[in-house]
Protein chains: 2
Amino acid sequence: VSLRDEILEQPEAARRQLAASPEALAALAGRLSREPVDSIVIAARGTSDHAAIYAQYVFGVRHRLPVALATPSVLTVYGIAPRFERSLVIGISQSGASPDVGSVVAAARSQGAPTLAITNDPASPLGRSAEYLVELAAGPERAVAATKTYTTSLLAIARLSVVLGNGAPAELATVPAALEAALAGEAELAVESLAQDLAGEEREVVLARGFEYATARESALKLKELARVFADPYSAADFEHGPLALVEPGIPILAIAPGGLALGRFSPLLRRLRASGANLAVVSDEPSVLALARHAIPLPGGVPEWLRPIVSIVPLQLYAMHLARARGLDPERPVNIRKVTLTR
Amino acid sequence: VSLRDEILEQPEAARRQLAASPEALAALAGRLSREPVDSIVIAARGTSDHAAIYAQYVFGVRHRLPVALATPSVLTVYGIAPRFERSLVIGISQSGASPDVGSVVAAARSQGAPTLAITNDPASPLGRSAEYLVELAAGPERAVAATKTYTTSLLAIARLSVVLGNGAPAELATVPAALEAALAGEAELAVESLAQDLAGEEREVVLARGFEYATARESALKLKELARVFADPYSAADFEHGPLALVEPGIPILAIAPGGLALGRFSPLLRRLRASGANLAVVSDEPSVLALARHAIPLPGGVPEWLRPIVSIVPLQLYAMHLARARGLDPERPVNIRKVTLTR
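Just so you know, these numbers come straight off a predicted model, no measurement behind them.

Chemist: Where do I start with the overall build of chain A in this structure?
Modeler: Each helix and strand in chain A was counted, giving 16 helices and 10 strands. A compact globule built from 344 residues would reach a C-alpha radius of gyration of about 20 Å, and chain A, at 19 Å, matches this within 12%. Counting only C-alpha atoms, chain A reaches 55 × 40 × 40 Å along its principal axes. A buried classification covers 67% of the 344 residues belonging to chain A. Of note, chain A has its 33 positive side-chain charges centred 4 Å away from the centre of its 35 negative side-chain charges.

Right under this line is the structure:
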């Protein structure tokens, strides 16, 4: 089993996720309807932290709930458990093994707050520490770089949004086919060509706005882990507050800019970047935005904006893999890192 | 007036901040004692976002309050105002002009939530939109790169923590002298030498843990804005979840690692990085940690861990300025960016 196999397995993993742990989701929704919460707190590290960023937009836009990303060090370094009254506390971890994530969830549960674990290993410390457990059902993930556990984590969050009363299961059911379309289309050829073009670059800016900000963050992490590139992810709005100073002719910029409400705010910056001579790669389902790019990476159309981050990361996983190879690295054996990282 | 003048003015700016807007802080504290909140939401962009990260640790560790960094796009792009019940909503902006930050605060106020603006311009849209206003009193900041408005923002947050009942004003009063000590010591010689050593590097990893994570973020932004270096900031814990793959012999790593509870978790990683041949610069008041570094950047001792981020950024502001010069750039005229950025 290789990284590539796991990337290709994502439509199937998504189908399994859609069928996983329905009772736990229903029970959590029941509790939240009896005891509403004012906010959500999420503890996660690495790739799972990007699923948490996705959740900030999902629960913010669709449920008007502020979502705080927990700073586990508050508990593990300074020994202080925040008060989790009227909060749903979610821990997300592929392995469920990192002590810092588990200890935030355990502290919340001991305060009586509703707690949810999203993990690929129900028997893990995180899986056992939460009151409610949604299994990723991604199947064993052997590659060090997380791929199918990321997209299933996002889908689990989207399912929670639906059981909380916004949207229909039929919308979710379109995701596996969209993943298939993303894997079957011309996107892989486009990212292979991009990887050849950028093999000698040590730095890359990754930009997105709104729901896709999670994709920018996750894509940059994959580029670091696999291709050892200094990939710097930004929300397009934050990028204008300073880091825009990095832009010069030829600088590689990867923009995740599919159609939707965020695109109207993003496209003036994209035009400005193109005018300043940046080497622009664009991931989108919008021909007019793809036309701005030197490297156009097409996405399948017809996916609702709020679900599209589950799909748009897929060509970027392939990109990180191809860029690693183009740089003479083995994407199956990233240096320095292990599958399970235990931080306290 | 130059960037360097504004960096050197910080002890004086801190003294002005300590005397600024005492009535507003007292009135806010009174309201919060009558109507307690369960969480804090902060809207900010760029440098001010790093003051918000500092606030996550201050209010988490010292008041057990979860702190959410607002994703202004939820409101400005998707048109959804989160429910801010039982939240204190804070907007931080040097200019107070960015519409996205102001609109989050205005939405919260219209819901009846307590709102606080922290800004250098009380007459700005942000200053006028909040119920309570703490003026930075940093004096006019003319350099594009924010320095004294950053340290005064942190100090304003620390003052709020004290009026909310944790700590004594006398503790805060030590900060201006500590800023003077940081500016008068050998730190500037050390960062000049570091800048000469790294002038040809296009990338740098910046690491910290706990309270100092804000310093890592802000320092990396200054390096991007002024020196146009791909400076990548990480919490030391998140760094182990993937980006550790970037480490190779000679890679420049800047670690902010002063004494305190966070150091015990951080120092094993520092020893590992040194053993792997990284070009390690360390900012610390602990001789044993400074001894690990090729470039030791000393901090004055005696500053409590929770207040030290106000001081530890100072040599790193000077470092970004010297690195810009060593790279042939003018730190007074960063490219592409302006003092006031308006994002929506």
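Chemist: Would you mind showing me how to read the side chain of R209 of chain B here?
Modeler: Here R209 of chain B shows up in the loop between β6 (203–208) and α12 (213–227). With no salt bridge to any partner, buried R209 of chain B finds its closest opposite charge in D100 of chain A, at an N-O distance of 4.8 Å. For R209 of chain B, the contacting residues outside a window of four places in its chain are R45, S73, T76, V77, Y78 and R344 of chain A together with A236, A237, A262, R265 and F266 of chain B.

Chemist: It is not clear to me how the packing of helix α11 (residues 187–198) of chain A against helix α16 (residues 309–326) of chain A should be interpreted in this structure. Could you clarify?
Modeler: The relative placement of two packed helices comes down to the angle between their axes together with the axis-to-axis distance. Residues and elements named next belong to chain A. Two numbers describe how α11 lies on α16: the axes approach to 8 Å, and their chain directions differ by 35°. Considering the relative orientation of α11 and α16, their crossing is right-handed. Residues A187, E188, V191, E192, L194, A195, Q196 and L198 of α11 touch α16, and the partners they reach there are P315, L318, Y319, M321, H322, L323 and A326.

Chemist: What's the story with the layout of surface pockets in this structure? I'm lost.
Modeler: Each pocket or cavity is described by its volume, and for the largest pocket that value is around 370 Å³. T341, L342 and T343 of chain A together with E240 and R272 of chain B are the residues nearest the centre of the largest pocket, which is lined by 18 residues in total. Taken together, the elements giving at least two residues each to the lining of the largest pocket come down to α13 (236–240) and α14 (261–275) of chain B. A total of five residues in the lining of the largest pocket trace back to one element, the largest contributor, which is α14 of chain B.

Chemist: Which parts of the structure should I look at to understand the sheet that holds strand β3 (residues 87–93) of chain A?
Modeler: The pairing of strands in a sheet happens through backbone hydrogen bonds and is either parallel or antiparallel. All names here are of chain A. Here five strands make up an open sheet; going across it, the order is β2-β1-β3-β4-β5 and the pairing parallel. Since the sheet does not close on itself, it has two edges, and those belong to β2 (67–69) and β5 (132–135), each with one partner. Taking the axes of each pair of neighbouring strands and ignoring which way they run, one obtains an average angle of 20° across the sheet. Pairing analysis gives five bridges linking β3 to strand β4 (residues 115–119), with the strands arranged parallel. Note that in β4 the partner of V89 across the bridge is T115. Sitting on the sheet, helix α4 (residues 47–63) is in contact with β1 (39–43), β2 and β3, with an inclination near 165° to β2. Packing of helix α6 (residues 99–110) onto the sheet brings it into contact with β1, β3 and β4, and relative to β3 it is tilted by some 155°.

Chemist: Can you walk me through the interface of chain B and chain A in this structure?
Modeler: Quoted interface sizes are often the accessible area lost when the parts come together. Contacts between the two partners involve 69 residues from chain B, matched on the other side by 69 residues from chain A. Counting the surface chain B buries against chain A, the share from its top three residues, Y78, F230 and H241 of chain B, is 14%. Taken together, the links from chain B to chain A amount to six salt bridges. Of the charged contacts in the structure, one is a salt bridge between R228 of chain A and E248 of chain B, with a shortest N-O distance of 3.7 Å. Across the contact surface, chain B and chain A share 24 residue pairs in polar contact (both at pLDDT 80 or more). Those elements that provide at least two residues to the side of chain B that touches chain A are α4 (47–63), β2 (67–69), α5 (73–76), β6, α12, β7 (230–235), α13 and α14 of chain B. Here the residues of the side of chain B that touches chain A sort into 33 nonpolar, 16 polar and 20 charged.

Chemist: Honestly, the packing of helix α2 (residues 10–19) of chain A against helix α8 (residues 148–163) of chain A in this entry has me stumped. Any pointers?
Modeler: Residues and elements named next belong to chain A. At a minimum axis separation of 9 Å, α2 and α8 run at an interaxial angle of 35°. At the point where α2 passes α8, the crossing takes the right-handed sense. Contacts between α2 and α8 pair Q10, A13, A14, Q17, L18 and A19 from the former with K148, T151, T152, L155, A156 and R159 from the latter. Along the lines of polarity and charge, the residues of the contact of α2 with α8 split into six nonpolar, four polar and two charged.

Chemist: It is not clear to me how helix α6 (residues 99–110) of chain B should be interpreted in this structure. Could you clarify?
Modeler: Residue and element names in this part refer to chain B. Spanning 12 residues, α6 covers 16 Å between terminal C-alpha atoms, matching the ideal 16 Å at 1.5 Å per step. Listing the buried residues of α6 in full gives D100, V101, G102, V104, V105, A107 and A108. Of the residues flanking the end of α6, it is G112, one or two places downstream, whose phi is positive at about 90°.

Chemist: I'm lost on the relation of the copies chain B and chain A in this one. Help?
Modeler: Note: a rotation about an axis with an accompanying shift along it relates these two copies of the chain. After a rotation of 180° and a shift along the axis of 0.0 Å, chain B superposes on chain A with an RMSD of 0.0 Å. In short, the pair behaves as if placed about a two-fold rotation axis. Proximity to the rotation axis, assessed at the C-alpha, singles out A68 of chain B in chain B; its C-alpha lies 2.0 Å from the axis. When the interface residues of chain B are mapped onto chain A, 100% of them again lie at the interface, so the same face is used by both copies.

Chemist: Sorry if this is basic, but what is going on with the environment of G102 of chain B here?
Modeler: Residue and element names in this part refer to chain B. Inspection of the secondary structure assignment puts G102 in helix α6. Owing to a relative accessible area of 12%, G102 belongs among the buried residues under this scheme. Residues G102 and R128, spaced 26 residues apart in sequence, show a C-alpha to C-alpha distance of 8.9 Å. Residues contacting G102, with those up to four places away along its chain left out, are L126 and S129.

Chemist: Looking at this structure, I do not really get unusual backbone geometry. What am I missing?
Modeler: What you tend to see is this: most non-glycine residues have negative phi, and most peptide bonds are trans. Here the phi dihedral of A137 of chain A falls at roughly 55°; this positive angle occurs in a residue that is not glycine. Mapped onto the secondary structure, A137 of chain A falls in the loop between β5 and α8. For A137 of chain A, a relative accessible area of 18% corresponds to the buried category. At R86 of chain B, a residue that is not glycine, the phi angle is positive and equals roughly 55°.

Chemist: Help me understand the pairing of β4 of chain A in this model?
Modeler: Looking along a regular strand, one sees side chains alternate from face to face of the sheet. Residue and element names in this part refer to chain A. Among the five residues of β4, five are classified as buried, and the element is accordingly described as predominantly covered. Across the two faces of β4 the burial is the same, with T115, A117 and T119 and L116 and I118 all buried. Read from β3 through α6 to β4, the crossover connection turns out right-handed. Across four bridges, β4 lies against β5 in parallel orientation.

How each quantity is defined
- Residues numbered from 1 in each chain as written.
- Chains lettered and ligands numbered in written order.
- Predicted model: local features only at pLDDT ≥ 70, side-chain atom pairs only at ≥ 80, totals over all residues.
- Heavy atoms only, no water.
- Helix = DSSP H or I, 4+ residues; strand = E, 2+ residues; numbered from the N terminus.
- Rg over C-alpha atoms; globule rule 2.2 N^0.38 Å.
- Buried < 20%, exposed > 50% of the residue type's maximum accessible area, 1.4 Å probe, protein only.
- Lys, Arg positive; Asp, Glu negative; His and termini not counted.
- Charge placed at Lys NZ, Arg CZ, Asp CG, Glu CD.
- Salt bridge = Lys/Arg side-chain N within 4 Å of Asp/Glu carboxyl O.
- Contact = heavy atoms within 4.5 Å.
- Axes fitted to C-alpha atoms, helices over the stretch in contact; angles between N-to-C directions.
- Left-handed = near helix turned anticlockwise from the far one by under 90°.
- 1 Å grid on protein atoms, 1.4 Å probe; cavity = no way out; pocket = protein on both sides within 12 Å on 5 of 7 lines; lining within 4 Å.
- Points joined across faces, edges and corners; volume = space filled by probe spheres on them.
- Pairing = 2+ DSSP bridges.
- Buried area = accessible area lost by both parts, 1.4 Å probe.
- Polar contact = N/O pair within 3.5 Å; in protein donor to acceptor, adjacent residues only side chain to side chain.
- Nonpolar A, V, L, I, M, F, W, Y, C, P; charged D, E, K, R; others polar.
- Expected span 1.5 Å × (residues − 1).
- Least-squares fit on C-alpha atoms with pLDDT ≥ 70 in both.
- Right-handed = clockwise from strand over helix to strand, strands pointing away.

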